[in-house]
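Coordinate inspection notes
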Amino acid sequence: IPEGSLGEMMGSMFDRILAPNMQMASQAPRGELAQQLAIEPGELALGDEEIIEAADILDPVRLERNQRIASVMPTLMGRLMDAMEPPMRKAMAEAYAVSFNDRELADIDAFFSTESGISYARKSFAMASDPRIIAASMESLPAIMGSIGQLETEMAAAVADLPERRTFADLSAEERARLAELLGWSIEELEAHMHRSSEQEASIDWEE
């Protein structure tokens, strides 16, 4: 790992991926608003303009705040990557030592001692955020999503002979009391949470 290469990788990734995502989040700050209200983003039954208005009320300088955070993020992340390099270099040296024999290590060392090897070592990490590689990953998403339904079917078959997870109605009075005590809830709160959990599980459509 050439010195500074992990920082270069993070800088490239920030410019190409993280910065655009942060910009999009600032324009429609649903998650940011939900966090400030201590609710889930899906609980906000507001349009984008209403989301922005509410977010501006809670934080009138949010755009400037986000811009400042975005401006310091590359430096902060680069600093973290620089701190990671020494232990990463040590760990990779140990991994190479147990994965390759002496002849293979000599050949690898010979390559990385050349100008091309040095260039490859420095660029290989940053290449992970290359737009072409990212685009190829995106192309595979339909195939991945298409297999989710099959995975869900196979997982269901694997546990088909097991009883269903217990609902609130399945619990005895003693079990309800003990579970509520463990969680620090009332019996009514326990029932409401378990009912909501059952509804959420029932609403999941693995075919989507």
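Residues numbered from 1 in each chain as written. Predicted model: local features only at pLDDT ≥ 70, side-chain atom pairs only at ≥ 80, totals over all residues. Heavy atoms only, no water.

**Remarks on the overall build of the chain**
In terms of regular secondary structure, the chain is built from 10 helices and zero strands. Counting from the amino terminus, the chain carries its helices and strands in the arrangement α-α-α-α-α-α-α-α-α-α. Among the 208 residues that make up the chain, the fraction classed as buried is 16%. A sequence separation of at least 24 residues applies to 54% of the contacts in the chain between residues at least 6 apart. (Helix = DSSP H or I, 4+ residues; strand = E, 2+ residues; numbered from the N terminus. Buried < 20%, exposed > 50% of the residue type's maximum accessible area, 1.4 Å probe, protein only. Contact = heavy atoms within 4.5 Å.)

**Notes on a negative patch on the surface**
A surface patch of like charges, here negative, comprises Asp48, Glu49, Glu50 and Glu53. Inspection of the secondary structure assignment puts glutamate 50 in helix α3 (residues 48-58). (Patch = residues over 30% accessible without salt bridge, like charges linked within 9 Å, V, L, I, M, F, W, Y side chains within 5 Å. Areas by Shrake-Rupley, 256 points an atom, 1.4 Å probe, with all protein chains shown as cover. Salt bridge = Lys/Arg side-chain N within 4 Å of Asp/Glu carboxyl O. Lys, Arg positive; Asp, Glu negative; His and termini not counted. Charge placed at Lys NZ, Arg CZ, Asp CG, Glu CD.)

**Description of the packing of aromatic side chains**
The final tally for this structure, using the stated rule, is four aromatic pairs. Here the aromatic cluster, defined as three or more aromatic residues joined through ring pairs, consists of Phe111, Phe112 and Tyr120. (Phe/Tyr/Trp six-rings, centres within 6.5 Å; stacked < 30°, edge-to-face > 60°.)

**Things to note about the packing of helix α2 (residues 30-37) against α3**
In a pair of packed helices, the angle between the axes and the distance between the axes together describe the arrangement. The N-to-C vectors of α2 and α3 enclose an angle of 50°; their axes lie 9 Å apart at closest approach. Classified by the angle their axes make, α2 and α3 are oblique. Between α2 and α3 lies a crossing of left-handed hand. In this structure, α2 contributes Arg30, Leu33, Gln36 and Leu37 to the contact, and α3 contributes Asp48, Ile51, Ala54, Ala55 and Leu58. Among the residues making up the contact of α2 with α3, the classes are represented as six nonpolar, one polar and two charged. (Axes fitted to C-alpha atoms, helices over the stretch in contact; angles between N-to-C directions. Parallel < 35°, antiparallel > 145°, perpendicular 65-115°, else oblique. Left-handed = near helix turned anticlockwise from the far one by under 90°. Nonpolar A, V, L, I, M, F, W, Y, C, P; charged D, E, K, R; others polar.)

**Some points on the nonpolar core**
Judged by nonpolar contacts, Phe168, Leu171, Ala180, Leu190 and Met194 together constitute the single largest core of five residues. Setting aside chain neighbours within four positions, we find phenylalanine 168 in contact with Arg176, Ile187, Leu190, Glu191 and Met194. (Core = buried A, V, L, I, M, F, W, Y, C linked by side-chain atoms within 4.5 Å.)

**Concerning the side chain of arginine 62**
With respect to the helices, strands and loops of the structure, arginine 62 is situated in helix α4 (residues 62-99). Among the polar contacts listed, one links the side chain of arginine 62 to the side chain of aspartate 56, at a separation of 2.7 Å. (Polar contact = N/O pair within 3.5 Å; in protein donor to acceptor, adjacent residues only side chain to side chain.)

**Things to note about the confidence of the model for the chain**
Confidence in the prediction for the chain averages 79 pLDDT; 80% of positions are at 70 or higher. For the chain, the element scoring lowest by mean pLDDT is helix α1 (residues 5-27), at 61; helix α5 (residues 102-112) scores highest, at 94. (pLDDT = per-residue confidence, 0-100.)

**A word on a nonpolar patch on the surface**
Residues Leu179, Leu182, Leu183 and Trp185 make up a contiguous nonpolar surface patch of about 350 Å² in total accessible area. Along the chain, leucine 182 turns up in helix α9 (residues 173-183). Note on leucine 182: relative accessible area 56%, which makes it exposed.

**With respect to the pattern of salt bridges**
Proximity of charged atoms lets side chains of opposite charge pair with each other. Evaluation of the coordinates by the stated rule reveals seven salt bridges. A salt bridge links arginine 68 to glutamate 64, with the nearest nitrogen and oxygen atoms 2.4 Å apart. With arginine 68 and glutamate 64 both in helix α4, this residue pair falls four residues apart, about one helical turn. Owing to a relative accessible area of 55%, arginine 68 belongs among the exposed residues under this scheme. Salt-bridge contacts for glutamate 175 lead to arginine 166; the nearest nitrogen and oxygen are separated by 2.6 Å.

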